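So you can see what is in the structure, the chains are spelled out below.
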Amino acid sequence: MQHGHTEHDLAAMRAALTLAARGPVANPNPRVGAVVVDRSGQTAGAGFHAGAGTPHAEVVALDEAGDAALGGTAYVTLEPCSHTGRTGPCSEALVAAGVTRVVFAQTDPDPRAGGGADRLRAAGVEVVAGLLEGDAESLNRSWTFAVTHGRPMVTWKIATTLDGRSAAADGTSRWITGETAQADVHDLRAACDAILVGTGTALADDPSLTARHPDGSLRAATPLRVVMGRRDLPPSAQVLDGSSPSVQLRTHDPSVALAALWDKDIRHVLLEGGPTLAAAFVRAGLLDEVVAYVAPALLGSGPSSVGDLGITTTPTPYASISRTSPPSGPTSASARPCAPLSAPPPRRPPPPTPPPPPPPSPPTGPTNPPPTLPPAARSSPHEPA
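Reading the values: rules and limits
Residues numbered from 1 in each chain as written. Predicted model: local features only at pLDDT ≥ 70, side-chain atom pairs only at ≥ 80, totals over all residues. Heavy atoms only, no water. Helix = DSSP H or I, 4+ residues; strand = E, 2+ residues; numbered from the N terminus. Buried < 20%, exposed > 50% of the residue type's maximum accessible area, 1.4 Å probe, protein only. Contact = heavy atoms within 4.5 Å. Areas by Shrake-Rupley, 256 points an atom, 1.4 Å probe, with all protein chains shown as cover. Pairing = 2+ DSSP bridges. Axes fitted to C-alpha atoms, helices over the stretch in contact; angles between N-to-C directions. Polar contact = N/O pair within 3.5 Å; in protein donor to acceptor, adjacent residues only side chain to side chain. pLDDT = per-residue confidence, 0-100. Right-handed = clockwise from strand over helix to strand, strands pointing away. Phe/Tyr/Trp six-rings, centres within 6.5 Å; stacked < 30°, edge-to-face > 60°. Lys NZ or Arg CZ within 6 Å of the ring centre and 35° of its normal. Salt bridge = Lys/Arg side-chain N within 4 Å of Asp/Glu carboxyl O. Expected span 1.5 Å × (residues − 1).

**Things to note about the overall build of the chain**
- Looking only at helices and strands, the chain features 10 helices and 14 strands.
- For the chain, the proportion of its 385 residues judged to be buried stands at 42%.
- For the chain, the proportion of contacts with a sequence separation of at least 24, taken over those separated by at least 6, is 72%.
- Here the chain has roughly 20700 Å² of accessible surface; of this, 56% comes from carbon and sulfur atoms.

**Let's talk about the side chain of His186**
- Examined against the element boundaries, His186 turns out to sit in helix α7 (residues 179–190).
- The exposure class assigned to His186 is buried, which follows from its relative accessible area of 13%.

**Some points on the sheet that holds strand β2 (residues 43–48)**
- On the basis of which strands lie adjacent, the open sheet formed by 5 strands has the order β2-β1-β3-β4-β5 and mixed pairing. Among the strands making up the open sheet, the edge pair consists of β2 and β5 (126–129). Taking each pair of neighbouring strands and ignoring which way they run, the sheet shows an average axis angle of 15 degrees.
- Two elements, strand β3 (residues 73–78) and strand β4 (residues 101–106), share 5 bridges in a ladder whose sense is parallel.

**Regarding the environment of Thr155**
- Assignment of secondary structure puts Thr155 in strand β6 (residues 153–161).
- Sequence spacing of Thr155 and Leu287 is 132 residues, and the spatial spacing of their C-alpha atoms is 6.6 Å.
- Polar contacts involving the side chain of Thr155 include one to the side chain of Glu289, which spans 2.7 Å.

**As for the confidence of the model for the chain**
- When pLDDT is averaged along the chain, the result is 83, and 79% of the positions lie at 70 or above.
- Contacts for the low-pLDDT stretch residues 324–349, under 50 throughout, to residues beyond four places or in other chains number 41 contacts.
- A low-confidence stretch, residues 365–385 (pLDDT under 50), is modelled with 3 contacts involving residues beyond four sequence positions or located in other chains.

**Points about the pairing of strand β7 (residues 194–198)**
- Counting buried positions over the 5 residues of β7 gives 5, a clear majority of the element.
- Inspection of the sheet shows β7 paired to strand β8 (residues 224–228) by 5 bridges, in the parallel sense. Within the sheet, the bridge partner assigned to Val197 lies in β8 and is Val227.
- Since β7 and β8 lie parallel, the crossover through helix α8 (residues 199–205) that links them has a hand, and here it is right-handed.
- Pairing geometry for β7 and strand β10 (residues 268–271), over 3 bridges, is parallel. Its bridge partner lying in β10, Ala194 is registered against Val269.

**Some points on the side chain of Thr144**
- Residue placement: Thr144 occurs in helix α6 (residues 141–149).
- With a relative accessible area of 16%, Thr144 lands in the buried category.
- If we ignore the near neighbours within four places in the chain, the residues touching Thr144 are Gln106, Pro109 and Glu137.

**Observations concerning helix α10 (residues 275–283)**
- Here α10 has its buried residues at Leu277, Ala278, Ala279, Ala280, Phe281 and Val282.
- In the core, the buried residues of α10 are packed alongside β6, β7, β8, α9 (254–263) and β10.

**Observations concerning the packing of aromatic side chains**
- As enumerated under the stated definition, the model contains 0 aromatic pairs in all.
- Over the ring of Trp262 we find Arg267; its NZ or CZ atom is 3.7 Å from the centre of that ring.

**Notes on the pattern of salt bridges**
- With the rule as written, the count across this model stands at 13 salt bridges.
- With a shortest N-O distance of 2.6 Å, Glu92 and Arg119 are connected by a salt bridge. Taken together, the residues span a long stretch of sequence, with Glu92 in helix α3 (residues 90–96) and Arg119 in helix α4 (residues 116–122) at a distance of 27 residues.
- Classification of Arg119 as partly exposed rests on a relative accessible area of 33%.
- Among the charged side chains, a network of salt bridges with common partners joins Asp9, Arg101 and Glu126.

**What to know about α7**
- When the terminal C-alpha atoms of α7 are compared, their 17 Å separation across 12 residues agrees well with the 16 Å that a helix rising 1.5 Å per residue should span.
- Residues of α7 that are buried include every one of Ala181, Val185, His186, Leu188, Arg189 and Ala190, and no others.

**Thoughts on the environment of Asp9**
- The residue Asp9 is located in helix α1 (residues 7–20) in this model.
- With relative accessibility at 2%, the residue Asp9 sits in the buried group.
- Here the alpha-carbon distance between Asp9 and Phe104, two residues 95 residues apart in the chain, equals 10.0 Å.
- In this structure the side chain of Asp9 is engaged in a polar contact, spanning 3.0 Å, whose partner is the backbone nitrogen of Thr6.

Structural data, given as structure tokens:
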């Protein structure tokens, strides 16, 4: 525990973090929670930010606290902002409410919004920073990356066999992973702001690129569907069906595509394109995370999971999540599932070592010495004579 933090502070900040987690994951704004306690240390107000265009967490908590905020303490998971955007500066709202102490977890990395702590101190408010900062950052991992780097975070979703194939040579195995992995992909999609494929994938597979429930219905969080490339898409393409927003970026340059998505308030991109598009992002140094679904199967031939990367030496590993999934469909000669990686087949125990032969009995009478054999005919000491 850092200097200036009490057990009461920890409890209040944990409550604020729990509130923050209720905010939307896929959103241009961070998830933020706030708790306001009165002078006696009792909770007077609490709230969270419900997404871009809605009141900030501090404002929600202050509205609930009312006059009880005067002389109290505010606990916020992110440094209160100091700029006017769709809403006013939260730092000024805290000062106006008469809060005398503010404890926050993560320093705001956004240069447009940062500086709230300095504004609070200038107004005579005691400020304590960094309480449970790591917990707060983990709630906004992709947002923190995006505002720090000035571009969306890119996660590559890859489904592959043990030998690095994405499909069979004859095209029969479009789905190489099972239902569990496919359901997990929809959770991943719902946590991102946009899903990106190339025109090659859009034309060959006609994907819908939506986040769906197991019954096929659309989830509330609908990421932007993005197709990158210059070729035209047919009007019948599923990405143009109007079920959720979509856009085509007519470029082959990953940097240009990410800049365009940044301007659309996209902070986390899920890359689901084919091997050519994935390789382009790797070569451009714009791939930040890999989520790999590995089917325990061998295809031997067929399209590779990734194109030529131009790598000639051992690269730095990406942040990755590897998931082993049962292969989908019946076993065929071209896709034979291997034994599960976590449960190798049992080995046959080695045969028992035979006991040594008993020592010879001592002679009971006169005997003739044994004949001397030539070296090539001598018996092994472990074999019977």
